[in-house]
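Commentary on secondary and tertiary structure
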Amino acid sequence: MREAHPIERAVGIDHYVSDAEGIGGRLRDRPADFRVTELEAFDAEPVDADVGAYPHLVCRVTLCNWDTNDFASTLSDRLGISRERVSWAGTKDKRAVTTQLFSVKDVDPDDLPEIDGADIEVIGRAGRPVLFGDLAGNGFEITVRETDRPDAVAAVTDDLRAFAGGDVDDFADGEGSTEATVGVPNYFGQQRFGSRRPVTHEVGLAILREDWEGAVMAYVGNPHEREPERTREARAYIDETRDWQGALDRLPRSLGYERSICHRLVDNGGDDAEDFRAALEELPSNLQTLFVNAAQSYLFNRILSERLERDLPFDRPVEGDVVCFSDRDAPEGLPLPDPDRTQRVSEDRLRTVERHCERGRAFVTVPLVGTETELADGEPGEIERDVLDEAGVEPADFDLPGEWHSEGTRRAILVRTDLGVERDGDAVTFEFSLPKGSYATVLLREYLKRDPEAL
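Here goes a summary of the coordinates provided. (Residues numbered from 1 in each chain as written. Predicted model: local features only at pLDDT ≥ 70, side-chain atom pairs only at ≥ 80, totals over all residues. Heavy atoms only, no water.)

Among the seven residues of strand S11 (residues 362-368), seven are classified as buried, and the element is accordingly described as predominantly covered. Relative to S11, strand S9 (residues 322-326) is paired through four bridges, and the arrangement is antiparallel. By the bridge assignment, Cys324 is partnered in S11 with Phe363. (Buried < 20%, exposed > 50% of the residue type's maximum accessible area, 1.4 Å probe, protein only. Helix = DSSP H or I, 4+ residues; strand = E, 2+ residues; numbered from the N terminus. Pairing = 2+ DSSP bridges.)

Structure below.
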């Protein structure tokens, strides 16, 4: 197997599935080259529904070159309302054209402002806000420009078709449109951990070990070669001195979270573990949750990489695996796993479950580890235990207070999609859909084989 980029290996992604050369090229040359459309899973009442019963105005918004959070803040400012009254189903990339659902509480359609780079379409009303996760998935249309080896698309696609469990009959080469069903490991993408400085999982693992000082130092210190020189120097100073006032004098103003931690350590002295823990608790609750989620994601990625290393299949189970069945409410054409409906695969059930997987009715899973996690049996269970032992973590470690607690769940290890590819000279356009929680960059990395920062 071809070895992954070093910064990918730092977050548990050790290999590419495809041994073929990558196409190279430039991604996000312009916002229109990266189009994302939510596959909606939220029911709205008609726009003239009773406002008392349905106070949330539901809108389908197309944004060009807008960060989701920044748009929500701008919308609330223009309406003169609290930012908390604006919510959405999924956070999207900024340098893109995205179509997604928002809801705004206690606002009339005529009150909606015109905002540059935003097309707001009112589609109805609801009794509750659109919440994060209120989508089935996302559709993508992504163009890669100035590719070095556009002909390599065919070889990569053949490898990914085989990985998905399909027959390989040479993918058509040359310009024009072609289609194939492909699959990749359902890795958490680089952006889960920080594309430039992937450290959120390191903070999370230290929290799970209750190494509060280690968690602070992983986040505030721990310089990375990809950061600006001034930032690297400030972090190196923190590593060497633990001088929190001196850190405030050196850390750039843009590193607001790091500075808030240092402020708290100046106030409480930073003399013992509880001081460091209190400093971490100064951070927003969603960031605290992200740390533990990133640790779970890293462990998940490591388990998948070990499964690849041992040449175990992803499209079908082996004895000892845990599978989950498909979501009965999934939209047509987008099979979704239901992690609440699981079954452990025994020898006598293996062939039956294999058939379910072949038909898209079941999915092999591994854990996003938490307090309720029950590890697999056989060789899959051996891999899970080895990864946890290596990280110095066990399920009981997730029994922490507040934002750090997690019961865990299970996640499918393979993501399949019907991929359309169109070549026009050295430009290659990929069109596909993924279930929510899966990353477009995990598919694109197999084709580009470039530094993740370029994705």
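With that settled, the discussion passes to the nonpolar core. Of all hydrophobic cores here, the largest spans 98 residues; its most connected members are Ile207, Ile261, Leu280, Phe430, Phe432 and Tyr447. Among the elements that make up this core, the one with the highest residue count is helix H10 (residues 285-309) (11 residues). Residues contacting Ile207, with those up to four places away along its chain left out, are Trp212, Ala215, Leu280, Phe291, Val292, Leu400 and Trp404. Judged by nonpolar contacts, the second largest core, of 17 residues, contains Leu57, Leu63, Phe71 and Ile115. (Core = buried A, V, L, I, M, F, W, Y, C linked by side-chain atoms within 4.5 Å. Contact = heavy atoms within 4.5 Å.)

To continue, consider the environment of Gly90. The topology assignment puts Gly90 in the loop between strand S4 (86-88) and strand S5 (97-105). Take Gly90: its relative accessible area is 5%, and that puts it in the buried class. For the pair Gly90 and Asn138, spaced 48 residues apart in sequence, the C-alpha to C-alpha distance is 9.4 Å. When sequence neighbours within four positions are dropped, the list of residues in contact with Gly90 reads Glu38, Thr68, Gln100 and Phe132.

Let us look at the side chain of His224. As for its position among the elements, His224 is in the loop between helix H5 (212-220) and helix H6 (229-241). With sequence-adjacent residues up to four places away left out, His224 is seen in contact with Ile7, Arg196, Arg197, Pro198 and Arg232.

This paragraph deals with the sheet that holds strand S12 (residues 409-412). With antiparallel pairing, the four strands of this open sheet are ordered in space as S10-S9-S11-S12. Taken across any chain shown, the strands that pair with only one partner, and hence form the sheet edges, are strand S10 (337-344) and S12. Taken pair by pair, the neighbouring strands of this sheet meet at an average axis angle of 50°, ignoring direction. In the sheet, S9 pairs with S10 via five bridges, with the strands oriented antiparallel. Bridge pairing links Ser326 to Pro337 in S10. Most of the contacts of H10 go to S11, to which it runs at about 125°, and overall it touches S11 and S12. On top of the sheet, helix H11 (residues 350-358) reaches S9, S10 and S11; it is set at about 100° to S11, its chief contact. (Axes fitted to C-alpha atoms, helices over the stretch in contact; angles between N-to-C directions.)

Between two packed helices, what matters for the description is the angle formed by their axes and the separation of those axes. Following both chains from N to C, one finds helix H4 (residues 200-208) and H5 inclined at 175°, their axes separated by 7 Å at the closest point. When the axes of H4 and H5 are compared, the pair comes out roughly antiparallel. Of the residues in H5, those in contact with Glu202, Val203, Ala206 and Ile207 of H4 are Trp212, Gly214, Ala215, Ala218 and Tyr219. Its residues placed into classes, the contact of H4 with H5 shows seven nonpolar, one polar and one charged. (Parallel < 35°, antiparallel > 145°, perpendicular 65-115°, else oblique. Nonpolar A, V, L, I, M, F, W, Y, C, P; charged D, E, K, R; others polar.)

Here we take up the pattern of salt bridges. Inspection of the entire model under this criterion finds 39 salt bridges. Across the salt bridge formed by Arg28 and Asp93, the nearest N and O atoms sit 3.5 Å from each other. A residue pair is termed long-range when its members are at least 10 positions apart, and Arg28 in the loop between strand S1 (26-27) and strand S2 (34-40) and Asp93 in the loop between S4 and S5 qualify at 65 residues. With relative accessibility at 16%, the residue Arg28 sits in the buried group. Residues joined by salt bridges that share partners form a network here, namely Arg26, Asp29, Arg30, Asp33, Arg145 and Glu146. (Salt bridge = Lys/Arg side-chain N within 4 Å of Asp/Glu carboxyl O.)

The next subject is the packing of aromatic side chains. What characterises a pair of aromatic rings is the spacing of the ring centres plus the angle enclosed by the ring planes. Applying the stated criterion to the full structure yields 12 aromatic pairs. Centroid distance Phe140 to Phe432: 5.2 Å. Interplanar angle 25°. Geometry classified as stacked. Of this pair, Phe140 sits in strand S7 (residues 135-145) while Phe432 sits in strand S14 (residues 427-435); the two residues are 292 residues apart in sequence, bridging distant segments of the chain. Here Phe140 falls in the buried class, since its relative accessible area comes to 9%. For Phe432, a relative accessible area of 2% gives the class buried. In textbook terms, an aromatic cluster arises when at least three aromatic residues are bridged by ring pairs, as seen for Trp66, Phe71, Trp88 and Phe102. (Phe/Tyr/Trp six-rings, centres within 6.5 Å; stacked < 30°, edge-to-face > 60°.)

Every α-helix carries 3.6 residues per turn, so stepping three or four residues along brings you back to the same face. Most of H4 is tucked away: eight of the nine residues are buried. Along H4, the residues that are buried comprise Thr200, His201, Val203, Gly204, Leu205, Ala206, Ile207 and Leu208. Buried-residue contacts for H4 involve H5, helix H9 (273-280) and H10. One or two steps after H4, the chain reaches Glu210, where phi turns positive at roughly 55°.

What follows concerns H9. Of all the eight residues making up H9, six are buried; the element is thus mostly covered by neighbouring parts of the structure. Looking only at H9, the buried set comprises Asp275, Phe276, Arg277, Ala278, Ala279 and Leu280. Against the buried residues of H9 lie H4, H5, helix H7 (244-250), helix H8 (256-268) and H10.

In short, geometric facts, not functional conclusions.
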